[in-house]
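# Observations on the three-dimensional arrangement
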Amino acid sequence: MADLEFFGHIVDNEEVESIDGKRFDVWNPWKREVWAQAAEGGEKDADRAITSARKAFDEGPWPRMGRVERAKMIHRLADLMEARADEIATLDSTNMAKPFEQAKHDVARSVWNFRFFADHQRDSVGEVYPMDSGHHSYSEFGPAGVVAAISPWNFPLMMASWKIAPAIAWGNTCIIKPSEDTPASVTYLGGLAAEAGFPPGVLNVLNGYGHPAGSAITGDDRVDRVTFTGSSTTGKAVMASAATHLAPVSLELGGKGANIVFADADIDNAVYWAVEAIFRNAGQICLAGSRLFVQDAIYDEFMKRFVDAAEALTIGDPFDPATNFSSLASKRHFDKVVSYVEGARDLGGTFHTGGIAEDGSWVVKPTIIDGLALDAAPYCEEIFGPVCVVNRFETEEEAVHLANDTRYGLNAMLFTENLSRAHRVASKLRAGTVWVNCFFIRDLRTPFGGVGDSGVGREGGNFSREFFTEPKAVVMQITS
Ligand code: NAD
C-alpha cells in the first residue's frame, strides 16, 4: 500500500484527507490493479468545500477582480496545463485506459476550454436599449455565486474543465466532484490552480461517490448553480436535489446518436467517421454514433469497409504508441457492456465483427451488429461502449424517422454529397448537435446540450454566460 499514489480533496488550495480519514481504491483498468487511493468525501467534507467556496465568493477577490486580470490568471493555469500535458495525460491514461495520444488530445482541448472562456468573459459585451420614454436600459452579467459541478469518467479532465472554465471565468467559485472512477487528473488540476495563483476557495475539488459527496453539494442551499454531466438517471436525481433550493441546473446527459449514411456519400469519409464515432475512446462517448443507418444501395459495400476498418484498429496497452483502442474504463462498466453484447446475441443479432476479448482483460472488441429489432435493448439503450448497431433504410423520410425514434437527442450525423439534402435533413433531426460529413468538431461559441433524456439547457459561448451569471436589467432615467 505504501507506494500507491494518493489523491486528496483540494480545499483552500491545500490537498487534504477526508475529515474522517476515509479513502477508496482507484483502479488501473488496463492492468486490472489498484494504483492509487483517493479521499472519500462525506457530508462533512462537502460542508468544508462549500464553506470555502462560499467565503471565497462572498468575501474574496475573485468575483471582484477585473475581467482582464481574471482572464490572465486563467491563462496562467492553461499555460501550466500545457507545460504538464504529458503528466496529466498519463494520469487519465492510467486511470481509464485511454490511449495516450487521445488523452493528450483531451488535455489540449481542456486548455482550450480555459482559454476560450477566459477571453469570452473578458470581451463580452452587454446591450443598451434607448427607450422612447426618456430612459435607457442595459443588461449586466454578474457572477451567480457558488457552482457545484459534477463530472463523469469518460473524459475525466475535459468534461470537468468544460464545467469549471465558464464557471470561474464568470467570477463564480466552484466545487468540482469528479467521478469516483477517475479522480486523478481533476485533483491534479486543483493543485495547478493553486500554483497559478488562484485565491483560496475559487476551485475546490471534492472526491468521493455520487452519494453522499455529490448529492451533498447539489442539495445544499449555499450552492447557486448545479452543472452536471453524466447519465440520464443520475441527472434526474441531481435535478430533484437542486430543486429543493431552486438552484438552476444544466444537465448534459446520455445519448444514442444516429449516424445516417446516404448512398451519395463520400464513402471513405463516412467510414472514417463511423469508426471514430463509435470506437474512439472505446465507444465511451456520450456523442457516440451508436445507431448507424446505411442506405440500401450501398449497404453491403459500406458494411464490408466499416468492418475492415474496425478490425484494423490496434487493441492494446494505452501507453503503446501503436494502440488506438484499449480496455473499458472499469470492471463495473465492462460487465455492463458485456451484458448488452450477450443480450444482442440472445436477441438474434448478426455479429459482423467484435465480441468480448477472451484473454481475461476488460476489453470488448470493436463490435458491429445488425439484424436487431427496433425495440431490442442494445438498439434502444445507451451501451456506452464499442458496440455499433446497424440498420438499413430506403428513403430520406425513413432515415429521419428512424434517427428521431429515440428518447435521446444529444447528437446526430449525416453523410451525403447532396447539399439540399444535407440542410433539409439536418434541420429535421431532433438533436442538440448535428454533424454533416464530419464528427466531434466543435466551435465553443455554439450551443451544446441535448433534447429529451439527453439533457436540460445549453452551454457554450453566450449560453454559458446565461447559465453562470445573474443577468440583470438596469433602467436609468436620462431626461431631467
Ligand atoms: P453517472 O451518472 O453514473 O455519474 C456521473 C457523476 O455523477 C459521477 O461523478 C458520480 O459520482 C455522480 N453522481 C452519481 N450519483 C449522484 C447523485 N445522486 N448526486 C450527485 N452526483 C451523483 O455517469 P458516468 O457513468 O460517470 O458517466 C457516463 C454517462 O455520462 C453516460 O450516460 C454518458 O452519455 C454521459 N455523458 C454525457 C456527456 C454530455 O455532454 N452530454 C458527456 C460525457 C458523458
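Let me begin by describing the structure that accompanies this report. (Residues numbered from 1 in each chain as written. Predicted model: local features only at pLDDT ≥ 70, side-chain atom pairs only at ≥ 80, totals over all residues. Heavy atoms only, no water.)

## Some remarks on the pattern of salt bridges
In this structure the tally under the stated criterion is 33 salt bridges. Between R122 and D123 there is a salt bridge; the shortest N-O distance is 2.9 Å. Because the salt bridges share partners, they merge into one network encompassing D264, E396, R421 and R424. (Salt bridge = Lys/Arg side-chain N within 4 Å of Asp/Glu carboxyl O.)

## Some remarks on a nonpolar patch on the surface
Together, Y129, M131 and V475 line one region of the surface with nonpolar side chains, adding up to about 300 Å² of accessible area. Considering the arrangement of structural elements, one finds Y129 in strand β6 (residues 128-131). Classification of Y129 as partly exposed rests on a relative accessible area of 47%. (Patch = residues over 30% accessible without salt bridge, like charges linked within 9 Å, V, L, I, M, F, W, Y side chains within 5 Å. Areas by Shrake-Rupley, 256 points an atom, 1.4 Å probe, with all protein chains shown as cover. Helix = DSSP H or I, 4+ residues; strand = E, 2+ residues; numbered from the N terminus. Buried < 20%, exposed > 50% of the residue type's maximum accessible area, 1.4 Å probe, protein only.)

## Things to note about the side chain of S124
Counting through the fold element by element, S124 comes out in the loop between α4 (100-123) and β6. Within the structure, S124 has its side chain in polar contact with the side chain of R465 (distance 2.7 Å). Beyond its immediate chain neighbours, meaning those up to four positions away, S124 contacts R67, W170 and R465. (Polar contact = N/O pair within 3.5 Å; in protein donor to acceptor, adjacent residues only side chain to side chain. Contact = heavy atoms within 4.5 Å.)

## Side note on helix α5 (residues 156-169)
Counted at 1.5 Å a residue, the expected span for α5 with its 14 residues is 20 Å, and the 20 Å between its end C-alpha atoms agrees. The largest bend in α5 comes to about 25 degrees, at W162, with the proline P166 one to four residues further on. With respect to burial, α5 is a largely interior element, 14 of its 14 residues being buried. Following α5 by one or two positions, G171 adopts a phi angle in the positive range, close to 90 degrees. (Expected span 1.5 Å × (residues − 1). Bend = angle between axes of the 7 residues up to and from the residue.)

## Some thoughts on the sheet that holds strand β4 (residues 23-28)
With mixed pairing, 3 strands are arranged side by side in an open sheet as β1-β5-β4. The open sheet terminates on both sides in strands that have one partner only, identified here as β1 (5-7) and β4. Averaged over all pairs of adjacent strands, the angle between strand axes in this sheet comes to 35 degrees, irrespective of strand direction. Pairing between β1 and strand β5 (residues 33-39): 3 bridges, direction parallel. Among the inter-strand pairings, F7 is bridged to a residue of β5, identified as A38. Packed onto the sheet, helix α3 (residues 85-96) meets β1, β4 and β5 and runs at close to 90 degrees relative to β4. (Pairing = 2+ DSSP bridges. Axes fitted to C-alpha atoms, helices over the stretch in contact; angles between N-to-C directions.)

## Thoughts on the sheet that holds strand β17 (residues 387-393)
Across the sheet, which stays open at both edges, the 7 strands sit in the order β15-β16-β17-β14-β13-β18-β19 with mixed pairing between neighbours. For this open sheet the edge positions go to β15 (350-356) and β19 (433-436), each flanked by a neighbour on one side alone. Across the sheet, the axes of successive neighbouring strands diverge by a mean angle of 20 degrees, strand direction being ignored. The strands that helix α9 (residues 267-279) touches are β13 (258-261), β16 (364-370), β17 and β18 (411-415); relative to β18, the one it contacts most, it runs at about 160 degrees.

## Overview of the pairing of β17
Buried residues dominate β17, accounting for 6 of its 7 residues. Note that strand β14 (residues 291-295) and β17 share 5 bridges and pair parallel. For V294, the partnering residue across the bridge sits in β17 and is R392. Bridge count between β16 and β17: 4 bridges; the pairing is parallel. Within β17, the position partnered with I369 by the bridge is V389.

## Quick word on the site of the ligand
Residues in contact with the ligand amount to 29 residues; listed here are only the nearest, E180, S231, T234, L253 and E382. Here S151 contributes a backbone N or O atom positioned 2.8 Å from an oxygen atom of the ligand. In the environment of the ligand, an oxygen atom lies 2.9 Å from a nitrogen or oxygen atom belonging to the side chain of W153. A total of 840 Å² of accessible area belongs to the ligand in isolation, and the protein chains cover 88% of it. Of all elements in the fold, only α7 (210-218), β11 (225-229) and α8 (232-243) reach the threshold of two or more residues within the shell around the ligand. (Near = heavy atom within 4 Å.)

## A few points about the pairing of β14
The buried fraction of β14 amounts to 5 of the 5 residues, a majority that puts the element mostly inside the structure. Residue alternation in β14 divides its side chains into two sets, R291, F293 and Q295 and L292 and V294, and both sets are buried.

## Focus on the nonpolar core
Looking at soluble globular proteins, one finds that nonpolar side chains tend to be buried together. Within the largest apolar cluster, 123 residues are counted, with the highest numbers of intra-cluster contacts made by F114, F198, I260, F302 and F306. In this structure F114 touches I74, L77, A78, M81, S161, I164, A165, I168 and L189, once residues within four positions along its chain are discounted. Judged by nonpolar contacts, the second largest core, of 22 residues, contains I50, I150, A242 and V249. (Core = buried A, V, L, I, M, F, W, Y, C linked by side-chain atoms within 4.5 Å.)

## Quick notes on unusual backbone geometry
Backbone torsion omega between H211 and P212 reads 15 degrees, so that peptide bond is classified as cis. Inspection of the secondary structure assignment puts P212 in helix α7. Although it is not a glycine, A282 adopts a positive phi angle of roughly 55 degrees. Unusually for a residue other than glycine, F440 sits at a positive phi of about 75 degrees. As for its placement among the helices and strands, F440 is situated in the loop between β19 and β20 (455-456).

## Thoughts on the packing of aromatic side chains
One pass over the full model with this rule turns up 20 aromatic pairs. On the basis of an interplanar angle of 40 degrees and a centroid distance of 6.2 Å, the ring pair of F155 and F440 is categorised as tilted. Here F155 is found in the loop between β8 (146-150) and α5, whereas its partner F440 is found in the loop between β19 and β20, with 285 residues between them in sequence. Overall, F155 belongs to the buried group, its relative accessible area being 4%. What makes F440 partly exposed here is its relative accessible area of 21%. One aromatic cluster is present, built from ring pairs that chain together F155, Y272, W273, W435, F439 and F440. Over the ring of F141 we find R465, and its NZ or CZ is 3.7 Å from the ring centre. (Phe/Tyr/Trp six-rings, centres within 6.5 Å; stacked < 30°, edge-to-face > 60°. Lys NZ or Arg CZ within 6 Å of the ring centre and 35° of its normal.)

So, to be careful, I would describe these as geometric facts and stop short of saying anything about function.
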